[in-house]
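Residue-level structure breakdown
Each chain, written out:
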Amino acid sequence: SPVILGGPLEGKHVVDVAAGEEHTVAVRVEKGGKTYSEHVYACGNNLKGQLGINRCSHLQDFTLVEDISELYDQMDEVQQPLRIQKLVCGRRHCMASFGYGAFFVWGDNEVGQLGNRKRSFMESPFPKRKFEINHNVENIACGVDSAGVIVESLPPRKK
């Protein structure tokens, strides 16, 4: 039966959630007047770093994923928040795409599902800048042991 979440998500506005084989990640939004911030939380099995909390310990309670929470555009004087467009999970890995055309990956990488030409897992979210020059990330997806990115081709920048 469904239950109301306790801890840091109790009574909060959750805008996205994704689940893998034995872990869950969620995005919580806080709005107050002119302020807006997003916090990512994770819980569950963390054998391959899939919780993104910079260590491999299992968690029964939702815990803040600091590396992708409350990110702001440092180039903007107003420091607009960098909003998460989508959060997805595979069996033991995760991806988060952001509105500025980039994404983060973390977790298991045994078969290369993180796309970094390595086979070691990553226990904290790693930013993948814009997919390529003149391309923005439009959508992301994770399979059991795979990941995919759909990109939009942008016109070349004028010099």
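Summarised in this report is the structure supplied together with it. Computed from a predicted structure; not experimentally measured.

Considering the sheet that holds strand β6 (residues 93-98)
Whenever strands of a sheet pair, they do so through backbone hydrogen bonds, lying parallel or antiparallel. Within the open sheet, the 4 strands sit side by side as β5-β6-β7-β8. Their pairing is antiparallel. In the strand order of this sheet, the two ends are held by β5 (84-89) and β8 (122-128), each with one partner. Averaged over all pairs of adjacent strands, the angle between strand axes in this sheet comes to 15 degrees, irrespective of strand direction. Alignment of β5 against β6, held across 5 bridges, turns out to be antiparallel. Residue pairing across strands places Val 88 opposite Met 95, the latter belonging to β6.

Section: the nonpolar core
One finds Val 25, Ile 68, Leu 87, Ala 96 and Trp 106 to be the most contacted residues of the largest nonpolar core, which totals 18 residues. Elements with a contribution of two residues or more to this core: β2 (23-32), β3 (35-44), β5, β6 and β7 (103-107). With sequence-adjacent residues up to four places away left out, Ile 68 is seen in contact with Val 40, Ile 84, Ala 96, Phe 98, Phe 104, Trp 106 and Pro 125. Residues Val 88, Phe 103, Val 105 and Ile 140 belong to the second largest nonpolar core, which totals 8 residues.

As for the sheet that holds β2
Pairing is antiparallel in the open sheet, where 4 strands are placed in the order β1-β2-β3-β4. On the outer flanks of this sheet lie β1 (13-19) and β4 (59-64), each paired with one strand and no other. When strand polarity is set aside, the average angle formed by the axes of neighbouring strands in this sheet is 20 degrees.

About the cut-offs
- Residues numbered from 1 in each chain as written.
- Predicted model: local features only at pLDDT ≥ 70, side-chain atom pairs only at ≥ 80, totals over all residues.
- Heavy atoms only, no water.
- Pairing = 2+ DSSP bridges.
- Helix = DSSP H or I, 4+ residues; strand = E, 2+ residues; numbered from the N terminus.
- Axes fitted to C-alpha atoms, helices over the stretch in contact; angles between N-to-C directions.
- Core = buried A, V, L, I, M, F, W, Y, C linked by side-chain atoms within 4.5 Å.
- Buried < 20%, exposed > 50% of the residue type's maximum accessible area, 1.4 Å probe, protein only.
- Contact = heavy atoms within 4.5 Å.

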